[in-house]
Amino acid sequence: MMLSSGKTIQSITLSNGQLTIVVHTYGARLHQLFVPDKNGAFENILLSKDNSNSYENDEGYYGVICGPVAGRIAGAAFDNVVLEKNEGENCLHSGSKGWERQIWSYKTFSNEDTVGITLMLRIPIRNSLGR
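Here's a quick rundown of the structure. (Residues numbered from 1 in each chain as written. Predicted model: local features only at pLDDT ≥ 70, side-chain atom pairs only at ≥ 80, totals over all residues. Heavy atoms only, no water.)

### Overview of the sheet that holds strand S1 (residues 11-15)
By definition, the strands of a sheet pair up through backbone hydrogen bonds, in either a parallel or an antiparallel sense. For clarity, the threshold we go by: Strand pairing is defined by DSSP finding a minimum of two bridges between the two strands. Each helix corresponds to a stretch of at least 4 residues labelled H or I by DSSP, and each strand to a stretch of at least 2 residues labelled E; elements are numbered beginning at the N terminus. The angle between two axes is taken between their N-to-C directions and runs from 0 to 180 degrees, where each axis is a line fitted to C-alpha atoms and a helix contributes only its stretch in contact.
One open sheet accounts for four strands, arranged S1-S2-S3-S4; its pairing is antiparallel. Every interior strand has two partners, whereas the edge strands, S1 and strand S4 (42-44), have only one. Direction aside, the axes of adjacent strands within the sheet are offset by 20° on average.

Spelled out as C-alpha coordinates, the structure:
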(Lines give C-alpha, C1' and ligand atoms only; values in the text may rest on other atoms or scores of the structure.)
Protein backbone atom coordinates (compact mmCIF):
# COMPACT_ATOMS: atom_id res chain seq x y z
CA MET A 1 0.00 0.00 0.00
CA MET A 2 1.24 3.49 -0.77
CA LEU A 3 0.24 6.95 0.39
CA SER A 4 -0.15 9.87 -2.02
CA SER A 5 3.19 11.16 -0.65
CA GLY A 6 4.88 8.04 -2.02
CA LYS A 7 5.51 6.59 1.45
CA THR A 8 4.76 2.90 1.80
CA ILE A 9 2.37 1.49 4.38
CA GLN A 10 3.30 -1.95 5.61
CA SER A 11 0.74 -4.46 6.81
CA ILE A 12 1.89 -6.92 9.48
CA THR A 13 -0.07 -10.06 10.33
CA LEU A 14 0.52 -11.91 13.58
CA SER A 15 -1.20 -15.08 14.74
CA ASN A 16 -0.98 -17.44 17.67
CA GLY A 17 -3.46 -19.94 16.27
CA GLN A 18 -6.31 -18.60 18.40
CA LEU A 19 -6.24 -14.92 17.37
CA THR A 20 -4.92 -13.14 14.31
CA ILE A 21 -4.21 -9.41 14.13
CA VAL A 22 -3.37 -7.21 11.18
CA VAL A 23 -1.54 -3.97 12.00
CA HIS A 24 -0.66 -1.15 9.60
CA THR A 25 2.38 1.05 10.02
CA TYR A 26 0.29 4.11 9.04
CA GLY A 27 -1.04 5.38 12.36
CA ALA A 28 0.00 2.20 14.19
CA ARG A 29 -3.46 1.07 13.18
CA LEU A 30 -4.99 -2.15 14.46
CA HIS A 31 -6.70 -2.94 11.15
CA GLN A 32 -8.23 -6.35 11.80
CA LEU A 33 -8.68 -8.77 14.69
CA PHE A 34 -9.82 -12.25 13.76
CA VAL A 35 -11.33 -14.43 16.46
CA PRO A 36 -13.23 -17.72 16.22
CA ASP A 37 -17.01 -17.62 16.47
CA LYS A 38 -19.01 -20.34 18.26
CA ASN A 39 -18.54 -22.63 15.24
CA GLY A 40 -14.78 -22.04 15.04
CA ALA A 41 -14.89 -19.84 11.91
CA PHE A 42 -12.57 -16.84 12.15
CA GLU A 43 -14.21 -13.44 11.71
CA ASN A 44 -12.87 -9.89 11.88
CA ILE A 45 -14.51 -8.20 14.88
CA LEU A 46 -13.12 -4.68 14.31
CA LEU A 47 -14.75 -1.84 12.48
CA SER A 48 -12.32 -1.49 9.58
CA LYS A 49 -12.23 -0.56 5.93
CA ASP A 50 -12.09 -3.13 3.14
CA ASN A 51 -9.69 -0.96 1.15
CA SER A 52 -6.66 -0.17 3.32
CA ASN A 53 -5.61 2.69 1.02
CA SER A 54 -8.77 4.61 1.97
CA TYR A 55 -7.38 5.25 5.47
CA GLU A 56 -5.20 8.13 4.24
CA ASN A 57 -8.11 10.57 4.08
CA ASP A 58 -10.23 8.85 6.71
CA GLU A 59 -11.79 10.96 9.44
CA GLY A 60 -13.02 7.97 11.45
CA TYR A 61 -9.81 7.23 13.39
CA TYR A 62 -10.53 3.49 13.29
CA GLY A 63 -7.98 1.55 15.32
CA VAL A 64 -5.27 4.23 15.38
CA ILE A 65 -2.96 5.58 18.04
CA CYS A 66 -4.17 9.18 18.47
CA GLY A 67 -1.74 11.68 19.83
CA PRO A 68 -0.03 13.45 21.21
CA VAL A 69 -3.46 14.93 21.95
CA ALA A 70 -6.27 12.38 21.95
CA GLY A 71 -9.46 14.37 22.05
CA ARG A 72 -10.84 17.76 21.13
CA ILE A 73 -9.10 20.99 22.19
CA ALA A 74 -11.65 23.82 22.23
CA GLY A 75 -10.44 26.88 20.39
CA ALA A 76 -7.35 24.92 19.22
CA ALA A 77 -5.24 26.47 21.97
CA PHE A 78 -4.18 25.96 25.57
CA ASP A 79 -1.52 27.50 27.85
CA ASN A 80 -0.18 29.78 25.07
CA VAL A 81 0.13 26.81 22.68
CA VAL A 82 -1.70 27.31 19.38
CA LEU A 83 -2.76 24.20 17.49
CA GLU A 84 -4.09 23.54 14.01
CA LYS A 85 -7.83 24.08 13.64
CA ASN A 86 -9.02 20.94 11.89
CA GLU A 87 -12.59 20.70 13.22
CA GLY A 88 -14.19 24.10 12.91
CA GLU A 89 -12.55 26.26 15.59
CA ASN A 90 -11.20 23.21 17.45
CA CYS A 91 -8.26 20.84 17.17
CA LEU A 92 -9.19 17.15 17.05
CA HIS A 93 -6.54 14.49 17.75
CA SER A 94 -3.57 16.82 17.09
CA GLY A 95 -4.61 17.87 13.59
CA SER A 96 -3.19 16.77 10.26
CA LYS A 97 0.22 15.85 11.70
CA GLY A 98 -1.06 13.71 14.57
CA TRP A 99 0.43 10.31 15.30
CA GLU A 100 -2.37 8.61 13.34
CA ARG A 101 -1.05 10.30 10.16
CA GLN A 102 2.55 9.10 10.58
CA ILE A 103 4.40 6.01 9.38
CA TRP A 104 5.54 4.02 12.40
CA SER A 105 8.47 1.61 12.50
CA TYR A 106 8.04 -1.76 14.15
CA LYS A 107 9.65 -4.90 15.47
CA THR A 108 7.88 -8.21 15.87
CA PHE A 109 8.78 -10.74 18.53
CA SER A 110 7.85 -14.29 19.39
CA ASN A 111 8.75 -17.12 21.71
CA GLU A 112 7.19 -20.49 22.40
CA ASP A 113 3.90 -19.05 23.74
CA THR A 114 3.81 -15.38 22.66
CA VAL A 115 3.76 -13.31 19.49
CA GLY A 116 3.68 -9.54 19.44
CA ILE A 117 4.65 -6.27 17.89
CA THR A 118 6.30 -3.12 19.19
CA LEU A 119 5.44 0.04 17.23
CA MET A 120 7.74 3.08 17.41
CA LEU A 121 7.45 6.69 16.30
CA ARG A 122 10.23 9.26 16.44
CA ILE A 123 9.10 12.86 16.08
CA PRO A 124 10.85 16.17 16.76
CA ILE A 125 9.70 17.93 19.93
CA ARG A 126 8.71 21.05 17.98
CA ASN A 127 6.27 18.94 15.93
CA SER A 128 4.88 17.02 18.86
CA LEU A 129 1.56 18.90 18.95
CA GLY A 130 0.60 18.66 15.31
CA ARG A 131 2.11 21.94 14.15
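### Comments concerning the packing of aromatic side chains
Under the convention used in this document: Two rings belonging to Phe, Tyr or Trp (six-membered ring only in the last case) form a pair when the distance between their centres is within 6.5 Å. Interplanar angles under 30 degrees mark stacking, angles over 60 mark edge-to-face geometry, and anything in between is tilted. With a 1.4 Å probe rolled over the protein chains alone, any residue whose accessible area is under 20% of its type maximum counts as buried; one over 50% counts as exposed, and the rest are partly exposed.
Tallied over the entire structure, the rule returns one aromatic pair. Taking 6.5 Å as the distance between ring centres and 85° as the angle between the ring planes, the aromatic pair formed by Trp 99 and Trp 104 counts as edge-to-face. Residue Trp 104 is classed as buried on the basis of its relative accessible area, which comes to 10%.

### Side note on the environment of Tyr 55
Quick note on the threshold: Contacts between residues were defined by any pair of non-hydrogen atoms, one from each residue, lying within 4.5 Å.
Within the secondary structure, Tyr 55 sits in the loop between S4 and strand S5 (72-73). Through-space distance from the C-alpha of Tyr 55 to that of Glu 84 is 20 Å; in sequence the pair is 29 residues apart. Setting aside residues up to four positions removed in sequence, Tyr 55 forms contacts with His 24, Tyr 26, Arg 29, His 31, Ser 48, Lys 49, Tyr 62 and Arg 101.

### Some remarks on the pairing of strand S9 (residues 105-110)
With six bridges connecting them, S9 and strand S10 (residues 115-120) associate as antiparallel partners. Its bridge partner lying in S10, Lys 107 is registered against Thr 118. Where S9 folds back onto S10 in an antiparallel hairpin, the turn is made up of four residues.

### A closer look at the side chain of Arg 29
Threshold: Polar contacts here mean pairs of N or O atoms no more than 3.5 Å apart (in protein, one a potential hydrogen donor and the other a potential acceptor; neighbouring residues in sequence count only if both atoms are side-chain atoms).
Looking at where Arg 29 falls in the secondary structure, it is placed in strand S3 (residues 29-36). What makes Arg 29 buried here is its relative accessible area of 2%. A polar contact of 2.5 Å, which involves the side chain of Arg 29, links it to the backbone oxygen of Tyr 62.

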